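# Geometric and topological summary
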Amino acid sequence: MLNLNSVMIGTKQPTALVAFYEKVLGKPAEMVDQENGFWGWQVGSTYFSILDHSEMGGNAKDPGRVMFNFETSEVKEEFERIKAFGGAVIREPYEMGGGWVATLADPDGNYFQLVNPM
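Residues numbered from 1 in each chain as written. Predicted model: local features only at pLDDT ≥ 70, side-chain atom pairs only at ≥ 80, totals over all residues. Heavy atoms only, no water.

## Looking at the nonpolar core
This is how the line gets drawn: Among buried residues, those of type Ala, Val, Leu, Ile, Met, Phe, Trp, Tyr and Cys that are joined through side-chain atoms within 4.5 Å constitute a nonpolar core. The cut-offs for exposure are 20% and 50% of the maximum accessible area for each residue type, with area from a 1.4 Å probe on protein chains only; residues under the lower value are buried, those over the upper are exposed, and the others partly exposed. Segments assigned H or I by DSSP are reported as helices when at least four residues long, segments assigned E as strands when at least two residues long, and all are numbered from the N terminus.
One finds Tyr21, Trp41, Phe48, Ile50, Phe70 and Phe112 to be the most contacted residues of the largest nonpolar core, which totals 21 residues. When contributions to this core are tallied by element, the ones reaching two or more residues are helix H1 (14-25), strand S3 (38-43), strand S4 (46-52), strand S5 (68-71), helix H2 (75-84), strand S7 (99-105) and strand S8 (111-115). With 6 residues, H1 is the single largest residue contributor to this core.

Take a look at the structure:
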C-alpha cells in the first residue's frame, strides 16, 4: 500500500505563495531553504511544500485537474477566514455526503478544498 508523503507546488512567485500558505496553515514554514527555493510545512501526516520553479509561469492552466484538501471540522469558518485574506472563491461551502466542502484558489490559481473529516 502506498502512503501519500508530500504535495509540492512549483511556482515562479514563491514569496506570494509562501505568505499565503503561512496564513492558511497559521504558522511559518518549518523548513526553509531559500538558496534552493524551498519552503515546507508538516500538515497532518503529509508534508506540504512550495518550490521556486523556473518553468512554472502564470496561473495554473487547469486548476481543477489536481486538488488537495485541508480537513477541518469548521469548513464555513475556515472558508471565511481564508477568503478574508485573499483566497479566491471558487465555490462557497456546500453540503456533500453529510459533510461540508468549499473550494478556493491560491495566488497561482491552484484549487484547494476545505472538507469535513471523513
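## Brief notes about the pattern of salt bridges
This is how the line gets drawn: By definition here, a salt bridge exists when the distance from a side-chain nitrogen of Lys or Arg to a carboxyl oxygen of Asp or Glu is within 4 Å.
As enumerated under the stated definition, the model contains 4 salt bridges in all. For Glu30, the salt bridge is made with Lys27, and the minimal N-O distance between the two is 2.6 Å. We classify Lys27 as partly exposed; its relative accessible area is 29%. As a salt-bridge pair, Glu78 and Arg81 come within 2.7 Å of each other at their nearest N and O atoms. Taken together, the residues span about one helical turn, with Glu78 and Arg81 both in helix H2 at a distance of 3 residues.

## Some words on the sheet that holds S5
Condition: A pair of strands is labelled paired if DSSP reports no fewer than 2 bridges between them. To get an axis, a line is fitted to the C-alpha atoms, and for a helix only the part in contact is used. The angle between two axes follows their N-to-C directions and goes from 0 to 180 degrees.
Taken in spatial order, the 4 strands of this open sheet run S5-S8-S7-S6, and their pairing is mixed. One side of each edge strand has no neighbouring strand; the edge strands of this open sheet are S5 and strand S6 (88-96). Averaged over all pairs of adjacent strands, the angle between their axes in this sheet comes to 20 degrees, without regard to strand direction. As paired strands, S7 and S8 are joined by 5 bridges and run antiparallel to one another.

## As for the confidence of the model for the protein
This is how it is decided: Residue-level confidence of the predictor, termed pLDDT, takes values from 0 up to 100.
Per-residue confidence for the protein gives a mean pLDDT of 92, with 97% of residues at or over 70. Least confident of the elements in the protein is strand S1 (residues 6-11), whose mean pLDDT is 92; most confident is H2, at 98.

## Thoughts on the packing of aromatic side chains
We count it as follows: Aromatic pairs are defined between Phe, Tyr and Trp rings, using the six-membered ring for Trp, whenever the two ring centres lie within 6.5 Å; interplanar angles under 30 degrees are classed as stacked, those over 60 as edge-to-face, and all others as tilted. Note on criteria: charge over ring means Lys NZ or Arg CZ within 6 Å of the ring centre, with the direction from the centre no more than 35 degrees off the ring normal.
Counted under the stated rule, the structure contains 12 aromatic pairs. Ring geometry for Phe20 and Phe112: centres 6.1 Å apart, planes at 65 degrees, overall edge-to-face. Of this pair, Phe20 sits in helix H1 while Phe112 sits in strand S8; the two residues are 92 residues apart in sequence, bridging distant segments of the chain. The exposure class assigned to Phe20 is buried, which follows from its relative accessible area of 5%. A relative accessible area of 0% means that Phe112 is categorised as buried. Three or more aromatic residues joined by ring pairs make a cluster, and in this case those are Phe20, Tyr21, Trp41, Phe48, Phe68, Phe70, Phe85 and Phe112. Against the face of Trp100 rests Lys76, its NZ or CZ located 3.9 Å from the ring centre. In this structure, Arg91 is placed above the aromatic ring of Tyr94, and the distance from its NZ or CZ to the ring centre is 3.7 Å.

## What about H1?
Under the convention used in this document: Every helix has an expected span of 1.5 Å times one less than the residues it contains.
Helix length check: H1, at 12 residues, gives a terminal C-alpha distance of 16 Å against a target of 16 Å (1.5 Å per residue), a fit within 8%. At the exit of H1 stands Gly26, carrying a positive phi of roughly 75 degrees.

## With respect to the environment of Pro63
Under the convention used in this document: It only takes one pair of heavy atoms within 4.5 Å for two residues to be counted as in contact.
By the secondary structure assignment, Pro63 is in the loop between S4 and S5. For Pro63 and Val32, which are 31 residues apart along the polypeptide, the C-alpha to C-alpha distance reads 26 Å. Those residues in contact with Pro63, other than ones at most four positions away along the chain, are Gly109 and Tyr111.

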